[in-house]
Amino acid sequence: MSAKKILVVDDEKHIRMLYQEELESEGYAVAVSDGREPILDVVAREKPLVVVLDIKLGSDLSGLDLLQEIRRGEPALPVILSTAYDSFQHDLKSVVADYYVVKSVDLTELKAKVALAIAKRT
């Protein structure tokens, strides 16, 4: 049986690497994206069970917009919004996310949300 795949979308390379390393240590397969490639193309190619999506993807790209694209193309795909800013939790576009995690050096909450999202999906 192959490992359950997580897609991590973040514009910061060190965050992608950290999440990838930590999630792989939990037994997941991890694909990463900086958000520049069309999100539905990445989802179609990687076939993740869960997407961990940063809200602020540089100055001209919003994870909330990518979330809307995912909902239109893959409405059942669980999405965990991950950001350093907890104020986005109140943005109307963010309410369609399955979970919301504030970035931290302690990834316990993120790992718990990933496990929960996968459990609900499988």
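Residues numbered from 1 in each chain as written. Predicted model: local features only at pLDDT ≥ 70, side-chain atom pairs only at ≥ 80, totals over all residues. Heavy atoms only, no water.

Participant: What should I look at first to understand the environment of Glu109 in this one?
Facilitator: Among the secondary structure elements, Glu109 is positioned in helix H4 (residues 108-121). Judged by relative accessible area, Glu109 falls into the partly exposed class, the value being 40%. Excluding its chain neighbours within four sequence positions, the residues that come into contact with Glu109 are Tyr100 and Val101. (Helix = DSSP H or I, 4+ residues; strand = E, 2+ residues; numbered from the N terminus. Buried < 20%, exposed > 50% of the residue type's maximum accessible area, 1.4 Å probe, protein only. Contact = heavy atoms within 4.5 Å.)

Participant: Is there a simple way to think about the pairing of strand E4 (residues 79-83) in this case?
Facilitator: Among the five residues of E4, five are classified as buried, and the element is accordingly described as predominantly covered. With burial as the criterion, each face of E4 is covered, one bearing Val79, Leu81 and Thr83 and the other bearing Ile80 and Ser82. Bridging between strand E3 (residues 50-54) and E4 involves four bridges; their strand directions are parallel. From the neighbouring strand, Val51 faces E4, where its bridge partner is Val79. Read from E3 through helix H3 (residues 63-73) to E4, the crossover connection turns out right-handed. Pairing analysis gives four bridges linking E4 to strand E5 (residues 99-102), with the strands arranged parallel. Paired with Thr83 across the bridge in E5 is Val102. (Pairing = 2+ DSSP bridges. Right-handed = clockwise from strand over helix to strand, strands pointing away.)

Participant: For this particular structure, what's the right way to read the pattern of salt bridges?
Facilitator: Close approach of charged atoms allows side chains with opposite charge to pair. Going through the model one piece at a time under the given rule, you end up with nine salt bridges. As a salt-bridge pair, Asp60 and Arg36 come within 3.1 Å of each other at their nearest N and O atoms. Separated by 24 residues along the polypeptide, Asp60 in the loop between E3 and H3 and Arg36 in the loop between strand E2 (29-33) and helix H2 (39-46) bring together distant segments of the chain. Overlapping salt bridges bring together Lys5, Glu37, Arg45 and Glu46 as one network. (Salt bridge = Lys/Arg side-chain N within 4 Å of Asp/Glu carboxyl O.)

Participant: Please explain the nonpolar core as it appears in this structure.
Facilitator: The tendency in soluble globular proteins is for nonpolar side chains to be buried side by side. Of all hydrophobic cores here, the largest spans 19 residues; its most connected members are Leu7, Val9, Val51, Leu53 and Leu81. Only strand E1 (5-9), H2, E3, H3 and E4 provide two or more residues apiece to this core. Here the element with the most residues in this core is H3; it accounts for four residues. Not counting residues within four places of it along the chain, the set of residues in contact with Val51 comprises Leu7, Val9, Ile70, Leu77, Pro78, Val79 and Ile80. One finds Ile15, Leu107, Val114 and Ile118 within the second-largest nonpolar core, a separate group that totals 17 residues. (Core = buried A, V, L, I, M, F, W, Y, C linked by side-chain atoms within 4.5 Å.)

Participant: For this particular structure, what's the right way to read the UniProt feature "modified residue: 4-aspartylphosphate" (unreviewed entry) in the chain?
Facilitator: Under the UniProt annotation, "modified residue: 4-aspartylphosphate" (unreviewed entry) lies at Asp54. Residue position: Asp54 is located in strand E3. A residue is classified by how much of its surface remains accessible, and Asp54, at 3% relative accessible area, is buried. Other than its neighbours up to four places away in sequence, Asp54 contacts Val9, Asp10, Asp11, Gly63, Ser82, Thr83 and Lys103. (UniProt positions renumbered as here; feature names shortened; annotations may be inferred.)

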